[in-house]
Amino acid sequence: TPDKLPDMYAVQLPVWLFVIDFDPARGEDDLRRFTEQLNLGTHETFVVGSGRQGLHIYYRTTYQGKLPARIPGFDALEIKTLGRYVVGAGSEYFSKGKRRRYRVVRGSIDAIAELPESILNYVTENYTPCKAVSDTEDFYDDAGTQQRFIAYLMRTAAVNSSSYELACQGRAFGLSPDVIT
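Residues numbered from 1 in each chain as written. Predicted model: local features only at pLDDT ≥ 70, side-chain atom pairs only at ≥ 80, totals over all residues. Heavy atoms only, no water.

What should I look at first to understand the nonpolar core in this one?
Core analysis: the biggest nonpolar cluster contains 23 residues, and Phe18, Ile20, Phe34, Tyr59, Ile71, Leu77 and Ile119 have the highest contact counts within it. Those elements that place two or more of their residues in this core are β2 (17-22), α1 (30-37), β4 (55-60), β5 (77-80) and α2 (117-125). Ranked by the residues each element gives to this core, the list is headed by α2, at four residues. With residues near it in sequence (within four places) discarded, Tyr59 still touches Trp16, Leu17, Phe18, Ile20, His43, Thr45, Ile112, Ala113, Glu114, Leu115, Pro116 and Ile119. Judged by nonpolar contacts, the second largest core, of 11 residues, contains Val19, Val48, Tyr93 and Tyr102. (Core = buried A, V, L, I, M, F, W, Y, C linked by side-chain atoms within 4.5 Å. Buried < 20%, exposed > 50% of the residue type's maximum accessible area, 1.4 Å probe, protein only. Helix = DSSP H or I, 4+ residues; strand = E, 2+ residues; numbered from the N terminus. Contact = heavy atoms within 4.5 Å.)

Written as structure tokens, this is what we have:
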């Protein structure tokens, strides 16, 4: 029950969930532009708002192929699927001296809409895998390649928020911090 949860908790996404994580600090018009470009209109699905005007928009999906970390052309729209985490509704935290809360904005966890085909088509048609390690390996594809890339970042002192996010994704592959040497 919600009264027994900690102030902040995360939900690890199962294979059937697809979440668009909108961060207006990265592009406040991106969600509106994306919605207009795909003629999505309004549809009912579960939406959670962050304490700083962001949104987590939930969809059901059966798609299990490769997806980019962000919707191409829209930096403020991050894609979260299997193994990724989102902060749970009802979570509270402090930021800039204010208590903020993740709250349900629309819908219900029991009524998550199917991922619109137009979103999946746009994302998959505009996705170019990142070739960070070699010409033949996509570092998002497997744990071993991702481990080598993170180790490279650590050796070259190229540690920043992107490498941290990559390390977090590595955890979804079952990589422990002990393997990064």
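There's more to say after this.
Before we go on, may I ask you to explain a nonpolar patch on the surface in this structure?
Taken together, Val15, Trp16 and Leu82 make up a surface patch of nonpolar side chains, about 270 Å² in accessible area. With respect to the secondary-structure elements, Val15 resides in the loop between β1 (10-12) and β2. (Patch = residues over 30% accessible without salt bridge, like charges linked within 9 Å, V, L, I, M, F, W, Y side chains within 5 Å. Areas by Shrake-Rupley, 256 points an atom, 1.4 Å probe, with all protein chains shown as cover. Salt bridge = Lys/Arg side-chain N within 4 Å of Asp/Glu carboxyl O.)

What should I look at first to understand the sheet that holds strand β3 (residues 47-49) in this one?
Either a parallel or an antiparallel arrangement is found when strands of a sheet pair, and the pairing is made through backbone hydrogen bonds. Strand order across the open sheet formed by five strands is β5-β2-β4-β3-β9, with antiparallel pairing between neighbours. Among the strands making up the open sheet, the edge pair consists of β5 and β9 (103-106). Going across the sheet, the axis of each strand differs from the next one's by a mean of 25°, ignoring polarity. The pairing of β2 with β5 spans four bridges and is classified as antiparallel. Within the sheet, the bridge partner assigned to Asp21 lies in β5 and is Glu78. (Pairing = 2+ DSSP bridges. Axes fitted to C-alpha atoms, helices over the stretch in contact; angles between N-to-C directions.)

So what exactly am I meant to see when it comes to the pattern of salt bridges here?
Working definition: two side chains of opposite charge can pair if their charged atoms are close together. Counted according to the given criterion, the structure contains eight salt bridges. Between Lys80 and Asp21 there is a salt bridge, with the nearest N and O atoms lying 3.1 Å from each other. Note that Lys80 is positioned in strand β5 and Asp21 in strand β2, a separation of 59 residues in sequence. Salt bridges linked by common partners bring Asp29, Arg32 and Glu36 together as one network.

Is there a simple way to explain the confidence of the model for the protein chain in this structure?
Atom-level detail of predicted coordinates should not be read off regions where pLDDT is low. For the protein chain, per-residue confidence averages 78 on the pLDDT scale, and 67% of positions sit at 70 or higher. Here helix α4 (residues 161-172) is the element of the protein chain with the lowest mean pLDDT, 56, and β4 is the one with the highest, 96. (pLDDT = per-residue confidence, 0-100.)

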